[in-house]
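Structure assessment
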Amino acid sequence: MGRLDWQNNSLILLAIFLAFVMWIYVSNEQNPVREKILTVTLEHTGPAQNYIITGGLPESVRVRVQGNRNDLANLAPADFRAVVNLPEGKTGDVLLPVQVSAPPNLRVAQVSPEEVTVGLDRMVERQIAVAVSLKGTPAQGYSALAPAYNPETVTVRGPSRVVNDIGQASAVVDIQDASSDVTLTVPVNAGSSNVTLIPATVQVVVPVVNTLASKNVPVSPQITGSAAAGFAVKRSAGDPASVQIYGPVEVISNIDEIRTEPVDIQGADKNVTKEVGLVTPAGVTAVQPARVKVLVEISKSDETPPSPGGGSEDPSEPKP
């Protein structure tokens, strides 16, 4: 009787085993195990207060997941959570694992990358000086004095490794062709986009002064050649009759007139008008205007003798 029960139990166990194998076979045939790869956004905890991530953290990871066809059919990246837990109080490059949680009945087969190297640093701030530089040159005859600016220092805030390497903040003021004081509010720059400057601008005043004196002097026409026989120079004059000269005071104080380039009247029997340049004396930096018109009046010598002191003399007239 005992032998018969053992045989019956063996048959029952065999039947159950065969049924289980058949169920697995049918399940695999009807709903086989498959794989799917998804791109999941990578999250992180922290960083702690006054700490900052300086690099190394990717935006997403690739997750290869296994499951049956039904479970994978409507799977989306939002069904997963990929997290890197940042340690507190650490700085520098830290190697950290990527932790992925998946829905039930699914197996995470691979995460790429499995680990990430995250740069961590402490946020610091300190006072640094502001240096103002000038760009361009003032107008002719003007000079720029040392700029005054406010504030003279700013606060730089950022990762300690960056902040500790910053010596000063800089600001640039354009004074090209300036002929009066330049007052501008300009941005300051610390040479790194990873820091914040407080305040971000400074107000700068650049005094611009006139370094040259000016003086109005008469134009003295210079005549060369001789008028035609029987004709003489009645008078000569410049248009304008005077010009403005610019230069150091010690130079222009000794100049009483400015001469024109020569005007040739050789053989002329009527008035001569010509535009000519001016001969700039040594040390004079500018003459305004730089060219003038010279009128030389010529008349018959027996009708209108030259006027004494009325301009340049006729070279053909005998001197007393």
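What comes next is a walk through the structure. (Residues numbered from 1 in each chain as written. Predicted model: local features only at pLDDT ≥ 70, side-chain atom pairs only at ≥ 80, totals over all residues. Heavy atoms only, no water.)

**Some details on the nonpolar core**
Of all hydrophobic cores here, the largest spans 24 residues; its most connected members are Val243, Ile245, Ile258, Ile265, Val296 and Ile298. Those elements that provide at least two residues to this core are strand 17 (213-220), strand 19 (231-239), strand 20 (242-247), strand 23 (272-277) and strand 25 (291-300). Sorting elements by how many residues they give to this core places strand 25 first, with four residues. When residues no more than four places from it in sequence are discounted, the contact partners of isoleucine 298 are Ala227, Phe231, Ala232, Lys234, Ile265, Ala268, Asp269, Lys270, Asn271 and Val272. Among the nonpolar cores identified, the runner-up in size contains 23 residues, and Ile128, Ile166, Ala171 and Val182 belong to it. (Core = buried A, V, L, I, M, F, W, Y, C linked by side-chain atoms within 4.5 Å. Buried < 20%, exposed > 50% of the residue type's maximum accessible area, 1.4 Å probe, protein only. Helix = DSSP H or I, 4+ residues; strand = E, 2+ residues; numbered from the N terminus. Contact = heavy atoms within 4.5 Å.)

**Quick notes on the sheet that holds strand 10 (residues 148-150)**
With antiparallel pairing, the three strands of this open sheet are ordered in space as 10-15-13. Here the strands that pair on one side only, and so sit at the sheet edges, are strand 10 and strand 13 (182-187). This sheet shows a mean twist of 20° between the axes of neighbouring strands, independent of strand direction. In this structure, strand 10 lies alongside strand 15 (residues 201-206), joined through three bridges in antiparallel fashion. In the sheet register, tyrosine 149 faces strand 15, and the bridge partner there is valine 204. (Pairing = 2+ DSSP bridges. Axes fitted to C-alpha atoms, helices over the stretch in contact; angles between N-to-C directions.)

**Some thoughts on the pattern of salt bridges**
Within this structure, the stated rule accounts for six salt bridges. One salt bridge connects glutamate 43 with arginine 81, and the closest N-O pair in it is separated by 3.0 Å. Of this pair, glutamate 43 sits in strand 1 (residues 33-45) while arginine 81 is found in strand 4 (residues 81-85), placing the two residues 38 residues apart along the sequence. According to the relative accessible area criterion, arginine 81 is partly exposed, its value standing at 43%. (Salt bridge = Lys/Arg side-chain N within 4 Å of Asp/Glu carboxyl O.)

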